[in-house]
Amino acid sequence: MSEAYKIPDGLYYTEEHEWVKKLEDGTVLVGVSDYAQKQLHEIVYVELPETGSEVSQMDSIGAVESVKAVSDMFAPVSGTIVEVNEALLDSPELINEDPYGEGWIAKIEPTDLDADLTKLMDAEAYRAHVAAQAH
Amino acid sequence: MKRTHLYAYHKEHGKIVDFGGFAMPVWFEGVFPEHHAVRNAVGIFDTSHMGRAMAEGPDAERFLNYMVTNNVAALEPMNGLYTVMCNPRGGIVDDLIVYKLAADRFFIVYNASNREKDFAWFKGHSEGFDVSLRDVSDEVAMVAVQGPRAEETLQKICSEPVSEIGRFELAQVKLCGFDALMARTGYTGEDGFEFFLLDTPLGSPEKALEVWNALLEAGEEFGIKPCGLGARDSLRLEAGLCLYGNDIDDETNPLEARLRWVVKFKKPGGFIGREALLKVREEGVKRTRVGIMMEERGIPRHGYEIWDGDERIGVVTSGGLSPTLGVGIAMGYVPPAYRKLGTSVKIKIRNRLAKGKIVKSHPFYDESKYGWKRDRK
């Protein structure tokens, strides 16, 4: 079985395998990593957070489910949920197919992004984290 | 972790997980494709982690009949039956299949998670019976071939006419030239077979690997897939079959589990748990196993609560997304008042209550479209 995971540079990652991507307008996109989707395998259900809700870093904001398992989704940064990826309601497999692109889960308007990002990992640190988990 | 005869194949092709202490494949390609292969064509499962024992001797039949609730004395040679065995409180020690090989020889197949417990339970009750018990789990490989094309697939490697084996019948055959016992049984709801490769010790599993690979080749034209525990679980759930440890356990009796049909109160000699179960029958069950189908988004899971209005009425014991039906389905226990088909209930999924209803669960699917009965006219 292939154990290679895509971990793009330029994103920030949590220990629970969420990613954060900074957008030019100051908001961030969040989702779950390639490692997370491969561990879950066939994703069949996504519970999205509610648009407009305020979340604190590492609050549980939803869930990603495969046939076999439920994985809680945590807010990687504090802020307000300004948009959710409603395409996932009908096509949760988008997370399997494109975890960093079409499989994004929510857009957050962060309250204190710089402080929150210091608590997250960059791609290099996350690669080491995944390597440690895989063994 | 313990390994089965087919571990070398699993390690190369599957995603391995720890299942009750065994290194087993949860999937090879994925739960969905494997599940659909079994419902529509054929799939094979390594079930060598299950417990297998021989009971031999002049008292073997009388002994087993005292241990289990179903009537072993009614078995013809080379036939098997599904049963449970109970503790004196009426709780289920395990569910199992007992095959009668000859008047004084029986073959028993039980759950992987209960291998030690069951064998000790048998041993512990055998005093006073002229019966010898032998755990042959590590000397016999076990594989399930399941699905509407199972018969055609197996026939290609089997010495005997497979079509002549009826449900729960057993035949002595040769598979790829090796001695095997073949039964028309399974845990998927589909037609299919479970076979036992004899004299195949864990330490020299070549025969098992050869037969496994021969099956994959024989079934290639039908789209055969090797299947893991994930599909095994989703298939048995759709078929409404209990999983020991989830839906039945030491604290659950067969009457509330709706396994009344395997309890033969009138058989001669009695059985362990009979008095307790008679009392349950007299007083009525306090809860009953039901099937639930979701009417709103959400996947019910083991341990989720079942609600009616603001009252918590029970717990889900098995649940998941049905790959065949495309909705969440569950089994769980509720008070008998909720048993009626169509009754509305709610399942607590994280912080919300999702609507569902009580449905026929044995099986959940339409039997004219899926399952072993569909081909019967």
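This is a predicted model, so every value here is computed, not measured.

Attention now moves to the overall build of chain A. When you go through chain A residue by residue, the secondary structure sums to five helices and nine strands. Shown N-terminal to C-terminal, the secondary structure of chain A runs as helices and strands in the order β-β-β-α-β-β-β-β-β-α-α-β-α-α. By the compact-globule yardstick of 14 Å for 135 residues, chain A fits well, its C-alpha radius of gyration being 14 Å. Along the three orthogonal principal directions, the C-alpha set of chain A runs to about 40 × 35 × 25 Å. When each of the 135 residues of chain A is scored for burial, the buried share is 41%. Sequence separation of at least 24 residues holds for 62% of the intrachain contacts in chain A that already meet a minimum separation of 6.

Time to look at the overall build of chain B. A tally of regular secondary structure across chain B gives eight helices and 19 strands. With the C-alpha coordinates of chain B rotated into their principal frame, the extents come out at 60 × 50 × 45 Å. Across chain B, the fraction of contacts at a sequence separation of at least 24, relative to all contacts at a separation of at least 6, is 66%.

In an α-helix there are 3.6 residues to a turn, and that puts residues three or four apart on one side. Turning to helix α2 (residues 31-40) of chain B, its buried residues number three or more, namely Val31, Glu34, His35, Ala37, Val38 and Arg39 of chain B. Lining the buried residues of α2 of chain B we find β2 (22-27), β3 (43-46), β9 (141-146), β13 (225-227) and α7 (229-238) of chain B.

Before going further, it helps to examine the interface of chain A and chain B. Taken residue by residue, the interface counts eleven residues in chain A and 13 residues in chain B. At the level of secondary structure, the elements contributing two or more residues to the side of chain A that touches chain B comprise β4 (43-47) and β6 (60-66) of chain A. Counting residues per element, the side of chain A that touches chain B draws most heavily on β4 of chain A, which supplies three residues. Of the residues contributing to the side of chain A that touches chain B, the split by class is six nonpolar, one polar and four charged.

Turning our eyes to something else, we now look at the environment of leucine 89 of chain A. The topology assignment puts leucine 89 of chain A in helix α2 (residues 87-90). When the C-alpha positions of leucine 89 of chain A and leucine 11 of chain A are compared, they lie 25 Å apart, and in sequence the two are 78 residues distant.

We now examine the pairing of strand β3 (residues 28-32) of chain A. Residues and elements named next belong to chain A. Among the five residues in β3, four count as buried, and that is most of the element. Pairing of strand β2 (residues 18-22) with β3, which is carried by five bridges, proceeds in the antiparallel orientation. Residue pairing for β3: lysine 22 is matched across the bridge by valine 28. Here β2 folds back onto β3 in antiparallel fashion, the turn holding five residues, of which glycine 26 has a positive phi close to 95°. For β3 and strand β9 (residues 106-110), the ladder comprises three bridges, and the chain directions are antiparallel. Across the sheet, residue valine 30 finds its bridge partner in β9, namely alanine 106.

In this section: the sheet that holds β9 of chain A. The strand order β1-β2-β3-β9-β8-β5 (chain A) describes an open sheet built from six strands, whose pairing is antiparallel. In this open sheet, the two strands that pair with only one neighbour each are β1 (12-13) and β5 (54-55) of chain A.

Right, let's talk about the sheet that holds strand β8 (residues 132-135) of chain B for a bit. Residue and element names in this part refer to chain B. With respect to topology, five strands assemble into an open sheet ordered β5-β6-β7-β4-β8, the strand pairing being antiparallel. Lying at the two open borders of the sheet, with one neighbouring strand each, are β5 (79-86) and β8. Taking each pair of neighbouring strands and ignoring which way they run, the sheet shows an average axis angle of 25°. Pairing analysis gives six bridges linking strand β6 (residues 92-102) to strand β7 (residues 105-110), with the strands arranged antiparallel. Opposite tyrosine 99, over in β7, you have phenylalanine 107 as the bridge partner. Sheet strands touched by helix α3 (residues 60-67): β4 (51-56), β5, β6 and β7. Its angle to β4, the strand with the most contacts, is close to 135°.

Taken domain by domain, chain B comprises domain 1 (7-50 + 138-237), domain 2 (52-135) and domain 3 (286-377). The class makeup of the residues in the side of domain 1 of chain B that touches domain 2 of chain B is nine nonpolar, three polar and one charged.

Residue and element names in this part refer to chain B. Of note, the bond from histidine 362 into proline 363 is cis; its omega dihedral lies within 30 degrees of zero at 5°. One non-glycine residue, arginine 350, adopts positive backbone phi at about 50°. Its place among the elements puts arginine 350 in the loop between β18 (344-349) and β19 (352-359).

Close inspection of predicted coordinates is inappropriate in any region flagged by low pLDDT. For chain B, mean pLDDT is 97; residues scoring 70 or higher make up 99% of the total. Across the interface, the model reports ipTM at 0.84; the global pTM reads 0.94.

The next subject is the packing of α2 of chain B against α7 of chain B. All names here are of chain B. The interhelical angle for the contact between α2 and α7, taken along N-to-C directions, is 55°, at an axis separation of 8 Å. By the angle between their axes, α2 is oblique relative to α7. Viewed along their axes, α2 and α7 form a crossing whose handedness is right-handed. Facing Val31, Glu34, His35 and Val38 of α2, the residues of α7 in contact are Gly230, Ala231, Ser234 and Leu235. Residue composition of the contact of α2 with α7, grouped by class: four nonpolar, three polar and one charged.

Cut-offs and rules
- Residues numbered from 1 in each chain as written.
- Chains lettered and ligands numbered in written order.
- Predicted model: local features only at pLDDT ≥ 70, side-chain atom pairs only at ≥ 80, totals over all residues.
- Helix = DSSP H or I, 4+ residues; strand = E, 2+ residues; numbered from the N terminus.
- Rg over C-alpha atoms; globule rule 2.2 N^0.38 Å.
- Buried ≥ 20, exposed ≤ 12 C-beta atoms within 10 Å, placed from the backbone.
- Contact = placed C-beta atoms within 7 Å.
- Nonpolar A, V, L, I, M, F, W, Y, C, P; charged D, E, K, R; others polar.
- Pairing = 2+ DSSP bridges.
- Axes fitted to C-alpha atoms, helices over the stretch in contact; angles between N-to-C directions.
- Domains from an automatic or database assignment.
- pLDDT = per-residue confidence, 0-100.
- Parallel < 35°, antiparallel > 145°, perpendicular 65-115°, else oblique.
- Left-handed = near helix turned anticlockwise from the far one by under 90°.

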